[in-house]
Amino acid sequence: MTRVEITSKSFGTARVLGRVSFTIDEGETVALVGPSGIGKSTILRIVAGIDTAFDGRVERPDAVAMVFQEPTLLLWRSLRENLRIVHPALTPAEAEEALVQVGLAGKADFFPGQLSLGQQRRLALARAFAGQPELLIMDEPYASLDQETAQGMLRLTETLIARHRPATLFVTHSMQEANHLADRVLTLREGPDGATLG
Ligand SMILES: Nc1ncnc2c1ncn2[C@@H]1O[C@H](COP(=O)(O)OP(=O)(O)O)[C@@H](O)[C@H]1O
Ligand SMILES: [Mg+2]
């Protein structure tokens, strides 16, 4: 169970978030939507434990994986090493299987620069799922992909979620994506004392 109870979050004197409180059940997929700049990425960083400078509390499972808008790959390391640096216990066979699952079979010795943008995003997904996360957090994972590639990524994410069953929290600009992938959609709205869930 993931339990988020933010009472306030500010950057300097600028209050960004008011009370933001929600839970995510095991295996549940929750989408977070709202206008640009309202605080969606800030919430994800708080839930992931990357940002600890807020008022409130978060209960999360131990195994958390995050997928950012940019694939954040190590360009000078092979695909296999990109997986094994984050997951040192992964055997070569398991690394290969993780690549197979995202359609990158046989590419373990390639470097990220030899992949298309869509393939780089799939590598980032493979890296996230390779740790068997109990909580998966994704920040606009399909942004700046062409529609066909984004659709393919969406289907792949669905398959991986069905296979691994993490609790999932993701941000998207697309209500279609939100409704398609999520069991529940949270909408962030501007309030007098920072953004809250409307
Ligand atoms: N590290 C930071 N320092 C100062 N302000 C920030 C920082 N990160 C985000 N902000 C501000 O917090 C607000 C929410 O940002 P963000 O969570 O990135 O919004 P969203 O993801 O919904 O577009 C914005 O006004 C942004 O400028
Ligand atoms: Mg953002």
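Peer 1: Quick one: what's the story with the nonpolar core, residue by residue and with numbers?
Peer 2: Ranked by size, the top nonpolar core spans 35 residues in total, and within it L83, L123, L125, M138 and Y142 carry the most contacts. Only β4 (29–33), β6 (64–67), α2 (79–86), α3 (92–101), α4 (117–130), β7 (135–139), α5 (147–164) and α6 (175–181) provide two or more residues apiece to this core. Residues in contact with Y142, not counting those within four places in the same chain, are R121, A150, M153, L154, T157, E177 and L181. The next biggest cluster of nonpolar side chains, apart from the first, holds 26 residues, and it includes V4, L17, A48 and M66.

Peer 1: Mind laying out the sheet that holds strand β9 (residues 184–189), listing which residues take part and the relevant values?
Peer 2: As summarised here, the arrangement of the six strands in space is β6-β7-β8-β4-β9-β10, forming an open sheet in which the pairing is mixed. The outermost strands of the open sheet, each flanked by one partner alone, are β6 and β10 (196–197). Relative to β7, β6 is paired through four bridges, and the arrangement is parallel. For V64, the partnering residue across the bridge sits in β7 and is L135. Most of the contacts of helix α1 (residues 40–48) go to β7, to which it runs at about 155 degrees, and overall it touches β4, β6, β7, β8 (167–171) and β9.

How each quantity is defined
Residues numbered from 1 in each chain as written. Chains lettered and ligands numbered in written order. Predicted model: local features only at pLDDT ≥ 70, side-chain atom pairs only at ≥ 80, totals over all residues. Heavy atoms only, no water. Core = buried A, V, L, I, M, F, W, Y, C linked by side-chain atoms within 4.5 Å. Buried < 20%, exposed > 50% of the residue type's maximum accessible area, 1.4 Å probe, protein only. Helix = DSSP H or I, 4+ residues; strand = E, 2+ residues; numbered from the N terminus. Contact = heavy atoms within 4.5 Å. Pairing = 2+ DSSP bridges. Axes fitted to C-alpha atoms, helices over the stretch in contact; angles between N-to-C directions.

Functional significance is not addressed by these values, which are geometric in nature.
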